[in-house]
There are 4 protein chains.
Amino acid sequence: MDELAIGLIGAGRIGKLHGDNIARLVPGARLEAVADIRLDGEHRLWAAKNGVKKVYDDPGEIWKDRDIDAVFICSSTDTHAEFIVQAARAGKHIFCEKPVHTDVRLIREALDEVDKAGVKLQVGFVRRFDHNHRKVHDTVASGKLGKPHIVKITSRDPEGPPLSYIAVSGGIFMDMTIHDFDMARYLAGSEVTEVSAWGAVLIDQNYKQYGDVDTAAVMLKFENGALGIIDNSRAARYGYDQRTEVHCDRGCIRVENDLADTSVTSTADGVVCEKPTWFFLERYNAAFADEVRDFVDAVKNGTAVPVGGKDGLEAVYIAMAAGKSLRENRPVKLAEIM
Amino acid sequence: MDELAIGLIGAGRIGKLHGDNIARLVPGARLEAVADIRLDGEHRLWAAKNGVKKVYDDPGEIWKDRDIDAVFICSSTDTHAEFIVQAARAGKHIFCEKPVHTDVRLIREALDEVDKAGVKLQVGFVRRFDHNHRKVHDTVASGKLGKPHIVKITSRDPEGPPLSYIAVSGGIFMDMTIHDFDMARYLAGSEVTEVSAWGAVLIDQNYKQYGDVDTAAVMLKFENGALGIIDNSRAARYGYDQRTEVHCDRGCIRVENDLADTSVTSTADGVVCEKPTWFFLERYNAAFADEVRDFVDAVKNGTAVPVGGKDGLEAVYIAMAAGKSLRENRPVKLAEIM
Amino acid sequence: MDELAIGLIGAGRIGKLHGDNIARLVPGARLEAVADIRLDGEHRLWAAKNGVKKVYDDPGEIWKDRDIDAVFICSSTDTHAEFIVQAARAGKHIFCEKPVHTDVRLIREALDEVDKAGVKLQVGFVRRFDHNHRKVHDTVASGKLGKPHIVKITSRDPEGPPLSYIAVSGGIFMDMTIHDFDMARYLAGSEVTEVSAWGAVLIDQNYKQYGDVDTAAVMLKFENGALGIIDNSRAARYGYDQRTEVHCDRGCIRVENDLADTSVTSTADGVVCEKPTWFFLERYNAAFADEVRDFVDAVKNGTAVPVGGKDGLEAVYIAMAAGKSLRENRPVKLAEIM
Amino acid sequence: MDELAIGLIGAGRIGKLHGDNIARLVPGARLEAVADIRLDGEHRLWAAKNGVKKVYDDPGEIWKDRDIDAVFICSSTDTHAEFIVQAARAGKHIFCEKPVHTDVRLIREALDEVDKAGVKLQVGFVRRFDHNHRKVHDTVASGKLGKPHIVKITSRDPEGPPLSYIAVSGGIFMDMTIHDFDMARYLAGSEVTEVSAWGAVLIDQNYKQYGDVDTAAVMLKFENGALGIIDNSRAARYGYDQRTEVHCDRGCIRVENDLADTSVTSTADGVVCEKPTWFFLERYNAAFADEVRDFVDAVKNGTAVPVGGKDGLEAVYIAMAAGKSLRENRPVKLAEIM
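Residue positions are given per chain, counted from 1 along the sequence in the order it is written. Here the convention is simple: chains get letters from A, ligands get numbers from 1, in the order in which they are written. Per-residue local features are limited, in this predicted model, to residues with pLDDT of at least 70; the limit for side-chain atom pairs, both in listing and counting, is 80 or more; totals at the level of whole chains, interfaces and linings are taken over all residues. Note that water and hydrogens are dropped before the side-chain values are worked out from all heavy atoms of the structure.

> I tried to follow the interface of chain D and chain C on my own but got confused; where do I start?
Often, the extent of an interface is quoted as the loss of accessible area upon association of its parts. Every residue pair with non-hydrogen atoms within 4.5 Å of one another is taken to be in contact. On the chain C side, the residues contacting the 45 residues of chain D number 45 residues. Together chain D and chain C conceal approximately 3,500 Å² of surface at their shared face, both sides included; 62% is due to carbon and sulfur atoms. Buried area counts how much accessible surface, traced with a 1.4 Å probe, disappears from two parts once they are put together, with both parts' losses summed. Together, D:Trp198, D:Met219 and D:Leu227 form the three largest contributors to the area buried by chain D at its contact with chain C, with a combined 21%. Salt bridge, as used here: a side-chain nitrogen of Lys or Arg that lies within 4 Å of a carboxyl oxygen of Asp or Glu. Where chain D meets chain C, there are 10 salt bridges. The shortest N-O distance in the salt bridge between D:Lys152 and C:Asp231 comes to 3.0 Å. We call two N or O atoms a polar contact when they sit within 3.5 Å, provided that within protein one can donate a hydrogen and the other can accept it, with sequence-adjacent residues counted only if both atoms are side-chain atoms. Put simply, chain D and chain C have 18 residue pairs in polar contact (both at pLDDT 80 or more) between them. Looking at the side of chain D that touches chain C, the elements that each hand over two or more residues are strand 7 (148-156), strand 8 (192-200), strand 9 (215-222), strand 10 (227-233), strand 11 (241-248) and strand 12 (251-255) of chain D. Tallied by class, residues from the side of chain D that touches chain C come to 20 nonpolar, 11 polar and 14 charged. Helix numbers and strand numbers start at the N terminus; a helix is a DSSP run of H or I with at least 4 residues, a strand a run of E with at least 2. As a working rule, the residues Ala, Val, Leu, Ile, Met, Phe, Trp, Tyr, Cys and Pro are called nonpolar, Asp, Glu, Lys and Arg charged, and the rest polar, with Gly in that last group.

Printed below as a string of structure tokens:
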């Protein structure tokens, strides 16, 4: 395989982001085809701009295409498991956006098909590729700070999604916190065994009609004994707030947000610095390209993908436990879910 | 009352700290007498150095002394309620170290006596007088950031107390986190209604024999809808870690630790800053003098003390609820305790 | 002109950097040809990797090639003026690395040819495209801080060049500080009128044999009345130190170095942050692509280049004045040089 | 000598500051007498508040008083040399505010008298006692960063003094920069040998009528080969800006301003930190007490004072050289002055 030929399924915002990165920033790969069930002229224009000639409204065309080595599943969450199964059966390697699915039975079946087919499956937990969080992970994993005791994650979006999206999002834990659940496992280097979650509707009362919350606090227990705490908000007016911290036996490492520049402006009115970069497209811009580069490398070199199917499944388990904990106002062990 | 004459009860570490501050840094007050049930030569020397002539081994002498306007109760926690009652009956104003007591019935009785006597009672939640936490409080209270959504407190000691102390401390929540519970109420500007607490023994396995933990994570719900999270460790090897943060409707305010100096030293080995000041005596050095100044002012001017008996009682309720939550592994409403 | 066809002259380190950027990161341009008078197999491999078929050992081939719209002059400084003249006569737009030349008469003649030919000339003062320095410039230029009073530039390399390079570099002011002289004009928004320069050999005594220094301090006077100060070192062991600051009538803006990540690691040994990014390739990585994008846009849209021939000439005047000031130990007015 | 009895001469702003510190914060010393040639009721009140019974309008009374061990000379600069001579002849130890005098002949004569009398003389360069600058000094002096190469001092006042003061101040170098000249010697651990100074009137055109400037840049050469740069402004609207930095062979140490608290407030409008503490009384508050404590200790223990007569004299030499450099627009060697 000289150049990895990639078929993209679902050309929405995140699909286009991956497509652009494949076309421009990922050496050793090319965007070969694009499929979107709601294909329109705008999709065609975008594909053409990236030199893609194969444009379909049926993902089935992707499975059939023998030129295609790997697929990127960026369609809506409810299609992920089915598309993973079909891609695996067609012998394609798979990059799938998070969450893998919200139905754990379907996820397990899909992972079985991936195993049987012997293809690679990477899940899009992009934050693992961020320079800051990776530094925390690497430092903890090196053991030089000793064992982790407390894992802290601050994760706040600058603004909530439209209410129409809230209706189908699966709730804050499955949609938003799922990134933090993966981050927690990544930083602690250990599995989550129990979850205690609280939420509140403080920003937009409309969340209530969907049984969802816009503000949340979550505690985690890890197999290695460490404790975790996460706080979430759908509205940090100052920008995307993404800080992580691990307190260990011999010390603590933490990372701050990225800023557009390092300026400090001092006047009689105060001393002002830059706000955090606005949202995930800005903050994780480089990480999005890096996760694709690593996927392409893993496929081409036959090595393990950095974020696999099990990672996708575990995060969903934790999100389900968190949801149950919120509804029943009690700590929930993952064993209850799994 | 030209100068407030103060009798100190209990001349241990914290008692001497208050005594030194009264003698040297608090205008309008003088240290008139010292009583310690284990009075020895070292206490006498210390008293003499501060110009105190009345030195007793019986606190009863303090109640009788008509020259004395106010008392500082710095004896062991189990004596606090009784001494408050006796001081109140003797018509003395009272500054009492935290916690007021660990038995809420005794606290309530003591507060009743204080009310009846019409004396002032201030509780030693010194962190409210820290320049950093106070700035967070004042900013939130000003309303300019809108309503509080998330209150975060990081509170880690540089090293645990001796095990002999752990045996009688009342547990981490009553001894250490109680400061954070008071801080949470102070910052949120609202009462805590429910607590969910987890703990772990990760630093010193000896804690287990006392049924205590050395690492903790706590979630709080407030009457105003906000959520709170606290993390505690008995061993932050880098120094006393005391950071607070309140995320509000229109923004977020947070404070970092104080450092001995602002130096940044850059070499091939790295870029190094100062560690946080070592422990509470260093970090809250100025705050200890300020809380006494404010107490003296309140007594002399007949105004309200900044931290009253109700504050002392509420923090104990929360600590009890946290203990119960830890033991029963479930969220505990304060109504269950009160 | 659909796509700007670019011929690269001089495929050393900086030439390859520009070539790579043109080939990969600059939309609307392509690398059409490469010429290097010391052409070897490594150059050919590099060109092939970037899809370039025209590879010459004679820059003259570039002038003749009618497909080529613009040239990048990245050869040694002593060839710059001559190549600018030839490129201009051939009607090619020109991007020329700094310094334009060290002989101001030749520079002026070259700029005359550029004017006559009506082609664009951009000089490679890449730091103007850095996000940090640009923020300082934009803030000062906006006028919201009032008039500039003091312009401060800290500019230290992590390690000196080989002595063989020092021999032909033209001295620290022409080779290294010239970037700071341009930065000073850019930030102050005003021309330099007088220079006072001091230097010392503190790092490597071998500099003395070339009449050069490795440490320098320079003061500048600007037409608008502001004062400037620059400090230079050839050896900041902690990395490339590039900070700028402008103190103005109503306040001050300053920028710090970029770091690889925002981590803070706290242990009993200290609190450690990342060092500055190592050298100019790391620090100005994005700026190198941005200056080329802006050049391509200016040529294609017929607008002014962001850094023109006059900018190249003025910086050389200042460098000459600084050299004279250092040799004669007295302030030197630019009028003496011009 | 049980307690050092101190006579204060000149009860203006700085005199009162020292007097208050002696009375309240300096163990082992007492304020015995106060003399001010413009003695008024306000002085008497202030003295009474500090328990001082001896209040004179004639400093001569101080020399005669055999109870007095040491004097603080806080009167106007033009009286310093004469008062030092008289105090020395009376056998009093001397703390003298900066500058010692503006006439170096008178300073030398005064220092001779001090030597002859065998009394201690400390000069009030208070910044040496600041925790930040001291950390820079101690780190450089420890040798762990190797030899100093570049000494940088940013020193800006939040607002200029009244013009009436400018008229008699001796000019910016003798009045304001003299602190920085002492700091430069202190940090470099070496004598200044040459000065090159520039100034400008950018804030208040009235400075011109006094031949003074409100903005300055100064370069220094040190005996040990290092270079120094200082920038001054009479108007940093954001507060007192006092930063120092020493770049050495193996690395760099720098210190930032002190802030009232460590808060960071993030909103849609920006991320805001505290401004530097307002002026020298706030910034050097603790240092003012520390310099007096050290003086008292040196006198009582018969050890060397931390800042002696030679330090006072050298700073005046540098200030004179800077003034000459500014007037003649050329570097001036200290040998020309001394």
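Having seen the structure, we can now continue with the description.
> I'm lost on the packing of aromatic side chains in this one. Help?
Aromatic rings considered in pairs are described by the distance between their centres and by the relative angle of their planes. Only rings of Phe, Tyr and Trp enter the pairing, Trp through its six-membered ring, and a pair is recorded when the two centres are within 6.5 Å. The plane angle decides the type: under 30 degrees is stacked, over 60 is edge-to-face, the rest tilted. With the rule as written, the count across this model stands at 36 aromatic pairs over all chains. Aromatic rings pair up to connect A:Tyr240, A:Phe279, A:Phe280, A:Tyr284 and A:Phe288 into one cluster. For a Lys NZ or an Arg CZ to count as sitting over a ring, it must be within 6 Å of the ring centre and within 35 degrees of the ring normal. In this structure, A:Lys221 packs its charged tip against the face of B:Trp198, placed 4.5 Å from the ring centre.

> Looking at this structure, I do not really get the relation of the copies chain A and chain B. What am I missing?
What relates the pair of chain copies is a rotation about an axis plus a shift along that axis. Fitting of the copies onto one another was done by least squares over C-alpha atoms, counting residues only where both copies have pLDDT of at least 70. Aligned on chain B, chain A shows an RMSD of 0.0 Å; the corresponding rotation is 180° and the shift along the axis is 0.0 Å. Those values place the two copies in the arrangement expected of a two-fold rotation axis. By C-alpha distance to the rotation axis, the residue of chain A lying nearest is A:Arg330, at 2.7 Å. Of the residues that chain A buries at the interface, 100% are likewise interface residues in chain B, meaning the two copies contact each other through the same surface.

> Whenever I open this one, the pairing of strand 7 (residues 148-156) of chain B confuses me. Can you help?
All names here are of chain B. The buried count for strand 7 comes to 9 of 9 residues, which makes it a mostly enclosed element. Here a strand pair is declared whenever DSSP counts at least two bridges between the two strands. Both strand 7 and strand 11 (residues 241-248) contribute to a ladder of 8 bridges, which runs antiparallel. Following the sheet pairing, Pro 148 is matched in strand 11 by Cys 248. Across 7 bridges, strand 7 lies against strand 10 (residues 227-233) in parallel orientation. Following the sheet pairing, Thr 154 is matched in strand 10 by Asp 231. When a residue's accessible area, from a 1.4 Å probe over protein chains only, is under 20% of the maximum for its type it is buried; when over 50% it is exposed; and in between it is partly exposed.

> Explain the relation of the copies chain D and chain C to me, please; I cannot follow it from the model alone.
Between the two copies, chain D and chain C, the superposition gives an RMSD of 0.0 Å; the rotation angle is 180° and the shift along the axis is 0.0 Å. Mapped onto chain C, 100% of the interface residues of chain D are again interface residues, and the two copies thus contact each other with one and the same surface.

> For this particular structure, what's the right way to read the interface of chain A and chain B?
Tallying the contact residues gives 45 residues for chain A and 46 residues for chain B. Each partner contributes to the roughly 3,500 Å² buried at the junction of chain A and chain B, and carbon and sulfur atoms together form 62% of this total. Of all residues in chain A, the largest losses of buried area upon contact with chain B belong to A:Trp198, A:Met219 and A:Leu227, amounting jointly to 20% of the total for that side. In this structure, the connection of chain A to chain B is made through 10 salt bridges. A salt bridge links A:Glu245 to B:Arg156; its shortest N-O distance comes to 2.9 Å. At the junction of chain A with chain B, the criterion picks out 18 residue pairs in polar contact (both at pLDDT 80 or more). Among the elements of the structure, strand 7 (148-156), strand 8 (192-200), strand 9 (215-222), strand 10 (227-233), strand 11 (241-248) and strand 12 (251-255) of chain A are those that each provide at least two residues to the side of chain A that touches chain B.

> Please clarify how the side chain of D:Ser75 should be interpreted in this entry.
All names here are of chain D. Secondary-structure assignment places Ser 75 in the loop between strand 4 (70-73) and helix 4 (80-89). For Ser 75, the side chain forms a polar contact with the side chain of Thr 79, separated by 2.7 Å. Those residues in contact with Ser 75 that sit more than four places away from it in its chain are Ile 9, Gly 10, His 80 and Phe 83.

> Is there a simple way to explain the sheet that holds strand 2 (residues 29-35) of chain B in this structure?
Sheets are built from strands that pair by backbone hydrogen bonding, the pairs being arranged parallel or antiparallel. All names here are of chain B. Read across the sheet, 6 strands follow the order 3-2-1-4-5-6 without closing on themselves; strand pairing throughout is parallel. Since the sheet does not close on itself, it has two edges, and those belong to strand 3 (54-56) and strand 6 (121-123), each with one partner. The sheet shows a mean angle of 25° between the axes of neighbouring strands, direction not considered. Sheet analysis places strand 5 (residues 93-96) next to strand 6, joined by 3 bridges and oriented parallel. Considered in strand 6, the bridge of Cys 96 is made with Val 123. All axes here are fitted lines through C-alpha atoms, helices being fitted over the stretch that makes contact, and every angle between N-to-C directions spans 0 to 180 degrees. Contacting strand 1 (4-9), strand 4 (70-73), strand 5 and strand 6, helix 4 (residues 80-89) runs over the sheet at an angle of about 165° to strand 5.

> Mind showing me how you'd approach the pattern of salt bridges here?
Where charged atoms from two side chains of opposite charge approach closely, those side chains can pair. Summed over the entire model, instances satisfying the criterion amount to 160 salt bridges over all chains. The closest approach of N and O atoms between B:Arg254 and B:Glu256, which form a salt bridge, is 3.4 Å. Across the pair C:Glu194 and C:Lys333 runs a salt bridge whose closest N-O atoms are separated by 3.6 Å. On the criterion of sequence distance, the pair formed by C:Glu194 in strand 8 (residues 192-200) and C:Lys333 in strand 15 (residues 332-333) is long-range, its members being 139 residues apart.

> In this structure, what is going on with helix 9 (residues 177-188) of chain C? I would like to understand it.
Spacing of three or four residues puts side chains on the same side of an α-helix, whose turn is 3.6 residues. Residue and element names in this part refer to chain C. Expected span of a helix, by definition, is 1.5 Å for each gap between consecutive residues, and there is one gap fewer than residues. In this model, helix 9 (12 residues) spans 16 Å end to end at C-alpha, consistent with the 16 Å of a helix rising 1.5 Å per residue. For helix 9, a buried count of 12 out of 12 residues is recorded, marking the element as mostly surrounded by other parts of the structure. All of the buried residues in helix 9 are Thr 177, Ile 178, His 179, Asp 180, Phe 181, Asp 182, Met 183, Ala 184, Arg 185, Tyr 186, Leu 187 and Ala 188. Just downstream of helix 9, Gly 189 is the residue with a positive phi angle, here 65°.

Interpretation in functional terms is not warranted from these geometric data alone.
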